[in-house]
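Each chain, written out:
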Amino acid sequence: MKINKITSTAVPLPIENVDTDQIIPARFLKATTREGFGENLFRDWRYDAHGEPKKDFVLNDQTYKGEILIAGRNFGCGSSREHAAWALVDYGFRVVVSSFFADIFKSNALNNYLLPIQVSEEFLQKLFSVIETDAKHEFLVDLPSQIIHISDSKEQESFEISPYKKMCLMNGFDDVEYLTSSLAEIGGYEKTRKQVFHNVRNQ
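Keep in mind it's a predicted model, so treat the numbers as computed, not measured.

So, how was this worked out
- Residues numbered from 1 in each chain as written.
- Predicted model: local features only at pLDDT ≥ 70, side-chain atom pairs only at ≥ 80, totals over all residues.
- Heavy atoms only, no water.
- Buried < 20%, exposed > 50% of the residue type's maximum accessible area, 1.4 Å probe, protein only.
- Helix = DSSP H or I, 4+ residues; strand = E, 2+ residues; numbered from the N terminus.
- Pairing = 2+ DSSP bridges.
- Lys, Arg positive; Asp, Glu negative; His and termini not counted.
- Salt bridge = Lys/Arg side-chain N within 4 Å of Asp/Glu carboxyl O.
- Axes fitted to C-alpha atoms, helices over the stretch in contact; angles between N-to-C directions.
- Contact = heavy atoms within 4.5 Å.

**Q** For this particular structure, what's the right way to read the pairing of strand β7 (residues 147-150)?
**A** The two faces of the sheet receive side chains in turn, since in a regular strand these alternate between them. Side chains Ile147 and His149 of β7 all project onto a buried face; the interleaved residues Ile148 and Ile150 project onto the opposite face, where all are buried too. Note that strand β6 (residues 139-142) and β7 share four bridges and pair antiparallel. By the bridge assignment, Phe139 is partnered in β7 with Ile150. Linking β6 to β7, which pair antiparallel, is a turn of four residues; within it Gln146 sits at a positive phi near 55°. The sheet contact formed by β7 and strand β8 (residues 156-158) spans three bridges and is antiparallel. Looking at the pairing, Ile147 lines up with Ser158 of β8. Taken together, β7 and the strand that follows it, β8, pair antiparallel across an intervening segment of five residues, in which Asp152 is found at a positive phi of about 65°.

Now the structure itself:
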């Protein structure tokens, strides 16, 4: 699942300290594959005790859609469960924007083709303001340039990402696939080393 440039509307979740148990409650962690977790994303916020959608929760509001989730500060805190990233991706999100992420969540997101973008608190509030004014406003996430743009305006902000994870996301690689993609290069290096060693021994 490659990520390069994504242009999309966004879903606002202006709540701080959203922990992984709120993202995907512990009772739904029995499955071992990544599929199906999206239907229980924010389960206790989305549905009442009878399984009926809560009208006041943003994922149940047809006004807001998109591949970008814009969340409040300290998103993904709490336990280290990787299922939180699985649930967000399975629901359809490819990018999460916040002014701060828990380190373990950020790592899990990057390992599961979900791009966590950390922006300043000021820029985060601008994003919320834009969506409040126009729910259909689009944002451009430019991973190669490491910039998030408010489309149709000059407002933008850069974000940080490790060069290795950036390369993996842009090529759709997980860690194993990255190693596999490098087998020819590794083989060539080993062949060169063996030849050098052979030449040294025979001098």
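**Q** Is there a simple way to think about the pairing of β6 in this case?
**A** Relative to β6, strand β1 (residues 5-8) runs antiparallel, the two sharing four bridges. The residue of β6 that forms the bridge with Ser8 is Phe139.

**Q** Even after reading the chapter, I still don't get the side chain of Lys166, so can you show me in this structure?
**A** Summarising the element assignment, Lys166 is placed in helix α6 (residues 163-171). In this structure, Lys166 is buried with no salt-bridge partner, the nearest side chain bearing the opposite charge being Asp142 at 7.4 Å.

**Q** Help me understand the sheet that holds β1, please; the structure alone is not making it clear to me.
**A** Neighbouring strands of a sheet are bound in pairs by backbone hydrogen bonds; such pairs are parallel or else antiparallel. Taken together, the four strands give an open sheet; going across it, the order is β1-β6-β7-β8, and neighbouring strands pair in antiparallel fashion. Two strands close off the open sheet at either side, each with one partner strand: β1 and β8. Averaged over all neighbouring strand pairs, the angle between strand axes comes to 10°, with direction disregarded. Set on the sheet, helix α5 (residues 121-133) makes contact with β6, β7 and β8; between it and β7 the angle comes to about 35°.

**Q** What's the story with the sheet that holds strand β3 (residues 68-71) in this structure? I'm lost.
**A** Pairing is parallel across the open sheet formed by four strands, whose spatial order is β2-β3-β4-β5. Two strands in the sheet have a free side with no partner beyond their single neighbour: β2 (10-13) and β5 (115-118). The sheet shows a mean angle of 20° between the axes of neighbouring strands, direction not considered. Relative to β5, strand β4 (residues 95-98) runs parallel, the two being bridged by four bridges. Note that in β5 the partner of Ser98 across the bridge is Gln118.

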